[in-house]
Every structure is written in structure tokens, then in C-alpha cells.
Amino acid sequence: METFKSVPANGNRALTYRPLSSVWERGDGELLEAAFNFYCVIPPEPILDSTYNAGRFWKGSTREVVSMDIDPTYKPMIVGDNREMTGVPSAHFGVVVYDPPHVGPQGRDKSCKKFDVDFGATVECGKRHDWNLSYLYPPFLKQAKRALKANGLLLAKITDMVNNHKSKWPHVDFIRMAEEAGFTVCDLIVKVRTGPMVSSKWENAHHARKRHCFWIICRNSNECERQLSSRK
Ligand SMILES: C[S@@+](CC[C@H](N)C(=O)[O-])C[C@H]1O[C@@H](n2cnc3c(N)ncnc32)[C@H](O)[C@@H]1O
């Protein structure tokens, strides 16, 4: 749903760009395409999807995507840890996409459920890591920066969560860590879905039921704004 209206300004000059809304109500694949069109200053391809899983982002896409996942079950082109990216060439990709697990095994028994396995939520997420997965980000960010061409984009889908009875804010951690790794964080897009998850097993609620996640847009550059020849 387009939420922007074109408002003629300064003597009815036409817009030279297609606006991108900071709130996204459609699918991830469409959001990625819109982000490529809006932010890319170099060709996006080849694209490295560093957490490929079932490749849901690319269904129906003709993009040249190199798939990486630590789990061989998904048959990615590169079976490997995105915190090491062994064998991945430097300065090679126009875009790196990152959709890490947002929580580890949950519940009292801490065993992995099918849902956890399906979405890679099998990574250690306990007391040692303050009940969140932000510790995964710095080594990944270092590798993503290495693999990207200058001015390439890192697009990360990050979901906040409640774990061990406390709100955790990995999107805040990611933004800080991306800046520390030398990226410029350009934008934060809120992606919303229609219905919140509800389970009859949950008898109480202490936090708002999340029905959003964030897409964080980072550029491998010191600045975010596209170099416009008409810039004054
Ligand atoms: C949330 S899923 C990604 C879903 C995917 N974007 C899709 O649309 O199908 C996260 C994936 O990251 C993978 N993963 C977790 N840690 C990883 C690591 N260190 N390196 C590479 N892949 C990792 C998991 O195996 C899992 O398949």
C-alpha cells in the first residue's frame, strides 16, 4: 500500500525518484527490490544472502544470488559460517543480505523444536550471552564489510524479542555495531505483518505482542546519500 502522495513543490517540478516508505506492509522480497532501486549506487549483483535457509526472499526473483548457510540441509552454494566467510572473495558483492535467527531454543527444556530448526533458532542464546544473539553480529559485520564492494549495501532483517522475561533490543545493538564496523547506517524500515501471534498456552502478557521487525539499511561508505550530480 503506497502511503506517499506526490505533492508538487517549487513550481510543479516532477519527482525524480520513487519514494520509499519507512513502514512496509508487503513481503520481504518486494522490500528488497524496492531497496535496491532506492539505495543502490552500484549494481546490486552479485548478491550474497548470508543466511539463506529456504531462500524465501528470492522466490520468483531473477536476481543473481549466492546462497550461504551454516546448515547444509538447505543446500546453499556455500555451506559456511557467515562470521568467517571462508573462501568468499573480498570486495566482490554489491549487496549482502542478513536475516539471522532472532532467538535461540526457548522454553524450560531448552530443546530444539521443529520451528526452531526450520528458522535456524538453534544458536546458543542463554545466560552467557545475556539471553540474546547480538554477539553474532560483530564478526559477521567484519566479514560483510570485507565481502562488499565500496558503496555496496548491507540489508539486515532484525527482530527484537522478549527472552528470560526481559525485552532485548538487538536492532539497537546491530546499528551500534554496524557503525563500529565502519558502515554508515542509512535507514531503519519497519516491516509490519497483519496479525500478532497468539497462543492459548500464553495465560498472561507483560509486553506488547510484536507484529513488526526492522530492516536496517547500511552502506559500505562514509556517507549514505547518493552522489547526485545536481547536488548544490
Ligand atoms: C531466519 S533463517 C533465514 C530465513 C531466510 N531469510 C528465508 O527467507 O528463507 C536464519 C538462517 O541463518 C542460518 N544461520 C545461523 N547462523 C549462521 C551462521 N553463523 N552462518 C551462516 N548461516 C547461519 C540458519 O541456519 C538459518 O537457516
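This is a predicted model, so every value here is computed, not measured.

S.K.: Residue-level account of the overall build of the chain, with values.
M.R.: Of regular secondary structure, the chain possesses four helices and ten strands. Ordered by position from N to C terminus, the α and β elements of the chain give β-α-β-β-β-β-α-α-β-β-β-α-β-β. Considering the chain as a whole, with its 232 residues, one finds that 41% of them fall into the buried category. Within the chain, contacts between residues at least 6 apart in sequence are counted, and of these 65% link residues at least 24 apart. Approximately 13800 Å² of the chain is accessible, and the part contributed by carbon and sulfur atoms is 53%.

S.K.: So what's going on with the sheet that holds strand β10 (residues 212-219)? Residues and values would help.
M.R.: Strand order in the open sheet formed by eight strands is β1-β9-β10-β6-β5-β2-β3-β4, with mixed pairing between adjacent strands. Since the sheet does not close on itself, it has two edges, and those belong to β1 (23-24) and β4 (78-79), each with one partner. Packing against the sheet, helix α1 (residues 28-39) makes contact with β1, β2 (47-49), β5 (93-98), β6 (148-158), β9 (184-192) and β10, and its axis sits at approximately 150 degrees to β6. Along the sheet face, helix α3 (residues 137-147) touches β5 and β6 and points at about 145 degrees away from the line of β6.

S.K.: If you had to explain unusual backbone geometry to someone new, which residues and values would you point to?
M.R.: Glycine aside, a negative phi is what most residues show, and trans is what most peptide bonds show. Along the chain, Glu 45 connects to Pro 46 via a cis peptide bond; the corresponding omega equals 0 degrees. Looking at the element boundaries, Pro 46 is found in the loop between α1 and β2. In this model, Lys 75 sits at a positive phi of 55 degrees, which is unusual for a non-glycine residue. Looking at the secondary structure, you find Lys 75 in the loop between β3 (65-69) and β4.

S.K.: I'd like a description of empty space enclosed by the protein, backed by residues and values.
M.R.: Counted by the stated rule, this structure contains one cavity of 30 Å³ or more. What lines the largest cavity is simply Pro 100, Pro 101, His 102, Leu 133, Tyr 137, Lys 157, Ile 158, Thr 159 and Pro 170. Classifying every residue of the lining of the largest cavity gives six nonpolar, two polar and one charged.

What counts, and at which threshold
Residues numbered from 1 in each chain as written. Predicted model: local features only at pLDDT ≥ 70, side-chain atom pairs only at ≥ 80, totals over all residues. Heavy atoms only, no water. Helix = DSSP H or I, 4+ residues; strand = E, 2+ residues; numbered from the N terminus. Buried < 20%, exposed > 50% of the residue type's maximum accessible area, 1.4 Å probe, protein only. Contact = heavy atoms within 4.5 Å. Areas by Shrake-Rupley, 256 points an atom, 1.4 Å probe, with all protein chains shown as cover. Pairing = 2+ DSSP bridges. Axes fitted to C-alpha atoms, helices over the stretch in contact; angles between N-to-C directions. 1 Å grid on protein atoms, 1.4 Å probe; cavity = no way out; pocket = protein on both sides within 12 Å on 5 of 7 lines; lining within 4 Å. Points joined across faces, edges and corners; volume = space filled by probe spheres on them. Nonpolar A, V, L, I, M, F, W, Y, C, P; charged D, E, K, R; others polar.

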